[in-house]
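Single-letter residue listing:
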Amino acid sequence: MAAHDRLLVIDFGSQVTQLIARRLRELGVYAEVHPFQKVDADFLAAFAPKAVILSGGPASVTEPGSPRPPAALWRLGVPVLGICYGQQVMMADLGGSVEAGHHREFGRAFVEPAGGAAARDPFLDGLFETGREEVWMSHGDRVTRPAPGFSAIGMSPGAPFAILADPARRFYAVQFHPEVHHTPNGTRMLGNFVRLAGFRGDWTMGAYRAEAVAAIRAQVGETARVLCGLSGGVDSAVAAVLIHEAVGDRLTCVLVDHGLLRQGEAAEVVALFRDSYNIPLIHADEGPRFLAALAGVTDPEAKRKTIGRLFVEVFEAHARAAGGAEFLAQGTLYPDVIESVSFHGGPSVTIKSHHNVGGLPEKMGMKLLEPLRMLFKDEVRALGRELGLPEAFVRRHPFPGPGLAIRIPGEVTAEKLAILRAADAVYLDQIRRHGLYDAIWQAFAALLPVRTVGVMGDGRSYDWALALRAVTSVDGMTADSYPFDHAFLSETATRIVNEVRGINRVFYDVTSKPPGTIELE
Ligand code: XMP
């Protein structure tokens, strides 16, 4: 069992439950999210949380059969914080009343202190310094009578029970969402809650490093070997360095170079792993094979599937040639692992088939090793720094598994790849020179399957059109186009047309996601 304090977030299906865990992790508190269906008395006893947070959710406690935590929760003797639906659950279960929503309230609201206790309650430390707190409300139902023991310590015009407290039991309940950015002091409120719950802030990447290394050694044992596919991205790199620290040269990395990487990318990974870390690395230089397989393939899904299939085949061949291994390492992250609460259960549509080393472990009889599966992306970056990976590497923008192929709508050819690589390098150089790289989630160029007429010098040109894309995002699920100023865009377009042969026109993609996606295919 982990040495650090643990907080349990019970998920009732809010869209933003993950953010609760993220904010807590930022505060040095280890939190796990579990769906309400799974959390019964036995689960609570085994998890042994030091505090519990009940998330928001779409249900109404006024309806029969609405989701509830186990009654054992109230007897655990640990602090509990209910957020939105979580607040209503607390009131309904502990003897207060909740009314079904005629007062739907969405958006910004201001909370003021209420009651004499407000000034002294530790939940409010450092709050109300300017008199009131901006918060984000999103609820239909509302509390009409607090449960015995609770009193209001914060109120808003629309919500007399915006913050309820039972300090004796250390039970707190808020009607708004402290976990979202629209509640500017929300992290402070969560910080106050975990402090009054006695958390020591012992979740740091330095501590996790030692813990993870011990766990990898325990799982892999004294003799087994591990294979790790390197993609050039941060997750697989951090996983590899961590595993290398645990098992040394029993780790072999395989970089399947599908010829669809960016300029200089494969060489950079090889230099970093072989030279700086001394990690055994197979560089499988298979570009021509992928290009041959992609000849004539224009449909985006067909492209993704072709690359995915060949990737597995090539990885497997190189892995076998290297003598195989008992474990396959993957850079799976916590957001992929959190079981989501589903009320409807229907299958969701596939927008794009994502690329991973699907099916390989079973096929090769390997076990999975996923040392990052409890981490958020920011934590992986912090762990990367802790392990000494270069800052520029740790801060890299995400790059998709199918690489540049999905940035060339239509058929992928060697000529188009060369043009795109050169243009993308100029674009990223511009972004770095202007100090914009870290403000952007992801930036790249895409080569459009369109030739247009231009004039260069005294002559006519008939060359390809290039699209530039740059987005801001928190997790890649939604995104906004980055608002470059016009001077930057025109300077960049001029440089690209002058420096890259084959391009005579540049567009900037201003589509957000949704309705667009980040990649073009
Ligand atoms: P989309 O285009 O779906 O992309 O809005 C969201 C994020 O996912 C990345 N992406 C991928 N990453 N394998 C990956 O590892 C893939 O097949 C893949 N397709 C898209 C994309 O770059 C963006 O960060």
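The following paragraphs examine the structure supplied in this document.

Rules behind the numbers
- Residues numbered from 1 in each chain as written.
- Predicted model: local features only at pLDDT ≥ 70, side-chain atom pairs only at ≥ 80, totals over all residues.
- Heavy atoms only, no water.
- Near = heavy atom within 4 Å.
- Polar contact = N/O pair within 3.5 Å; in protein donor to acceptor, adjacent residues only side chain to side chain.
- Areas by Shrake-Rupley, 256 points an atom, 1.4 Å probe, with all protein chains shown as cover.
- Nonpolar A, V, L, I, M, F, W, Y, C, P; charged D, E, K, R; others polar.
- Helix = DSSP H or I, 4+ residues; strand = E, 2+ residues; numbered from the N terminus.
- Contact = heavy atoms within 4.5 Å.
- Pairing = 2+ DSSP bridges.
- Axes fitted to C-alpha atoms, helices over the stretch in contact; angles between N-to-C directions.
- Buried < 20%, exposed > 50% of the residue type's maximum accessible area, 1.4 Å probe, protein only.
- Arc of directions from axis to C-beta.
- Right-handed = clockwise from strand over helix to strand, strands pointing away.
- Left-handed = near helix turned anticlockwise from the far one by under 90°.

With respect to spatial proximity, 15 residues lie near the ligand, and among them K352, Q442, K513, I518 and E519 are the closest. Interatomic distance of 2.7 Å between a side-chain N/O atom of Q442 and an oxygen atom of the ligand. Take K513: an N or O atom from its side chain is 2.6 Å from an oxygen atom of the ligand. Contact with the protein chains hides 84% of the accessible area of the ligand, taken as 490 Å² for the molecule alone. Counted by class, the shell around the ligand contains five nonpolar, six polar and four charged residues.

Below, the discussion takes up the side chain of H258. By the element assignment, H258 lies in the loop between β13 (251–257) and α7 (265–276). Setting aside anything within four residues of it in sequence, one finds H258 in contact with G287, F290, I307, F311, G401, P402 and G403.

Bringing the sheet that holds strand β3 (residues 51–54) into the picture now. Sheet architecture is open: nine strands sit in the order β2-β1-β3-β4-β11-β10-β9-β6-β7, paired in mixed fashion. The open sheet is flanked by β2 (30–35) and β7 (133–139), the only strands paired with a single partner. Strand-to-strand twist across the sheet, computed as the mean angle between neighbouring axes with direction ignored, equals 25°. As paired strands, strand β6 (residues 105–113) and β7 are joined by seven bridges and run antiparallel to one another.

The next thing to look at is the environment of F176. Tracing the backbone through its elements, the reader meets F176 in the loop between β11 (171–174) and α4 (186–196). In the structure, F176 is positioned 131 residues away from A45 in sequence and 29 Å away in space, judged by C-alpha atoms. Once residues within four sequence positions are removed from consideration, F176 is found in contact with I83, C84, V111, V135, W136, M137, A162, I163, T183 and M189.

Quick look at helix α8 (residues 287–294) now. Taken together, the buried positions of α8 are G287, F290 and L294. Along the axis of α8, the buried positions cluster into a sector of 70°, meaning they face one direction only. Within α8, the exposed residues directed more than 90 degrees away from the buried face are P288 and A292. Contacts made by the buried residues of α8 are with β13, β14 (281–285) and α9 (300–321). Looking one or two residues beyond α8, the residue adopting positive phi is G296, at roughly 80°.

With six of its seven residues buried, β13 lies for the most part within the structure. The pairing of strand β12 (residues 226–230) with β13 spans five bridges and is classified as parallel. Paired with V226 across the two strands is L251, which belongs to β13. Handedness of the β12-helix α6 (residues 234–247)-β13 crossover: right-handed. With α7 bridging β13 and the parallel β14, this β-α-β connection has right-handed handedness.

Here we take up the packing of α8 against α9. Between α8 and α9, whose axes approach to 10 Å, the crossing angle comes to 145°. Read as a crossing pair, α8 and α9 show a hand that is right-handed. Residue-level inspection shows R289, F290, A293 and L294 of α8 in contact with α9, the latter providing K303, T306, I307, L310, F311, E313 and V314. Here the contact of α8 with α9 is composed, by residue class, of seven nonpolar, one polar and three charged.

Of the strand pairs in this sheet, strand β17 (residues 442–456) and strand β18 (residues 459–472) are connected by 12 bridges, and their pairing is antiparallel. Across the sheet, residue R451 finds its bridge partner in β18, namely W464.

A sheet is described by the order of its strands in space; here five strands give the open sequence β14-β13-β12-β15-β16, paired in parallel fashion. What marks the edges here is a single partner per strand, and that holds for β14 and β16 (367–369). Recorded for the sheet is a direction-independent mean angle of 25° between the axes of neighbouring strands. Relative to β16, helix α5 (residues 205–220) is tilted by about 170°, and along the sheet it contacts β12, β15 (327–329) and β16. Sheet contacts for α9: β12, β13, β14 and β15; angle to β13, the most-contacted strand, approximately 140°.

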